[in-house]
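Single-letter residue listing:
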Amino acid sequence: MKALTWQGTDDLSVEQLPDPAMRNEQDAIVKVSRTVTCGSDLHLLGGYIPFMRAGDVLGHEFIGEVVETGPRVKRHKVGDRVVVCSFISCGHCWYCKEGLFSLCDNGNTNPGITEHLWAPTGSSPSTASSTAWK
Ligand SMILES: [Zn+2]
Ligand SMILES: [Zn+2]
């Protein structure tokens, strides 16, 4: 696939990358048909986010078509046209059950990279009962 990548402050590049792969049973892979930029992209572009690394893929607000689903995906099927929310949530952790989807314990596939910026993950009231989607 082709993707818009961050190469450094004010330096973007379209690169050929491997196609995405399923990581979890509740994942869906969406073929992007339209995407936009938003204010948070400007923070990334300007170099204000310290965990950005050269080659990171940009674009978190988009529409497209579902091309693959994991066995636990129940509400979408291949061929569905979807609008993708700008944050990923599992729908099962304490935060998701409280409707606080942007705070999902399982939305970031690599939460360790943000711990030094905000706080250790896994400290929510759901720690003992949440499911780690790995
Ligand atoms: Zn955004
Ligand atoms: Zn969640």
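As shown above, the structure is provided for reference.
Starting from 1, residues in each chain are numbered consecutively following that chain's sequence as written. All chains are assigned letters beginning with A, and all ligands numbers beginning with 1, in the order in which they are written. Only residues with pLDDT of at least 70 get local features here, since the model is predicted, and only at 80 or more are side-chain atom pairs given and counted; chain-wide, interface and lining totals rely on the full set of residues. By convention in this description, side-chain values take in all heavy atoms of the structure and omit both hydrogens and water.

Draft legend 1. Looking closely at the coordination of the zinc ion (ligand 1). Of the protein atoms, only C38 (SG), H60 (NE2) and E61 (OE) coordinate the zinc ion (ligand 1), at distances of 1.9 to 2.2 Å. Only N, O and S atoms count as donors, using a 2.8 Å cut-off from the metal and 3.2 Å for Na, K and Ca, and because water is excluded some sites may appear unfinished. Each donor residue of the zinc ion (ligand 1) belongs to the same chain, and together they define the spacing C-x21-H-E. Placement of C38 in the loop between strand 3 (28-35) and helix 1 (39-45) and of E61 in the loop between strand 4 (56-57) and strand 5 (62-69) is noted, with a sequence separation of 23 residues between them. You can call E61 partly exposed: its relative accessible area is 26%. For the purposes of this entry, the term helix denotes a DSSP run of H or I that reaches at least four residues, the term strand denotes a run of E that reaches at least two, and both are numbered from the N terminus. Residue exposure (1.4 Å probe, protein chains only): buried if accessible area is under 20% of the type maximum, exposed if over 50%, otherwise partly exposed.

Draft legend 2. Quick look at a nonpolar patch on the surface. On the surface, L4, L12 and V14 cluster together into a nonpolar patch covering about 240 Å² of accessible area. Checked against the element boundaries, L4 lands in strand 1 (residues 2-8). On the basis of relative accessible area, L4 is assigned to the partly exposed category, the value being 35%. Patches here are clusters of residues that have more than 30% relative accessible area and form no salt bridge, with a 9 Å joining cutoff for like charges and a 5 Å cutoff for nonpolar side chains (Val, Leu, Ile, Met, Phe, Trp, Tyr). Exposure was quantified through the Shrake-Rupley algorithm and a 1.4 Å probe, taking into account, for residues, occlusion by the shown protein chains and nothing else. What makes a salt bridge here is a side-chain nitrogen of Lys or Arg within 4 Å of a carboxyl oxygen of Asp or Glu, nothing more.

Draft legend 3. How the structure looks around the coordination of the zinc ion (ligand 2). Donor atoms from the polypeptide that coordinate the zinc ion (ligand 2) comprise C90 (SG), C93 (SG), C96 (SG) and C104 (SG), at 2.3 to 2.5 Å from the metal. Between the four donor atoms coordinating the zinc ion (ligand 2), the angles at the centre fall across 101 to 118°, so the site counts as tetrahedral. Within one chain, the residues serving as donors to the zinc ion (ligand 2) are arranged as C-x2-C-x2-C-x7-C. With C93 in the loop between strand 6 (81-84) and helix 2 (94-97) and C104 in the loop between helix 2 and helix 3 (112-115), this pair connects stretches of sequence that are eleven residues apart. For the pair C93 and C104, a shared accessibility class is recorded, and that class is buried. Geometry is assigned from donor-metal-donor angles: four donors are tetrahedral when every angle falls between 85 and 135 degrees, four are square planar and six octahedral when opposite donors sit over 155 degrees apart with all other angles between 65 and 115, and any other arrangement is irregular.

Draft legend 4. Broad picture of the pattern of salt bridges. All told, the structure shown has one salt bridge when counted by the stated rule. A salt bridge links K77 to D80, with the shortest nitrogen-to-oxygen separation between them at 3.0 Å. Judged by relative accessible area, D80 falls into the buried class, the value being 16%.

Draft legend 5. Structural view of the environment of V30. In this structure, V30 sits in strand 3. Residues V30 and E68 lie 38 residues apart in sequence; the distance between their C-alpha atoms is 7.3 Å. Dropping the residues within four chain positions of it, V30 is found in contact with F62, G64, E65, V66, V82 and V84. Every residue pair with non-hydrogen atoms within 4.5 Å of one another is taken to be in contact.

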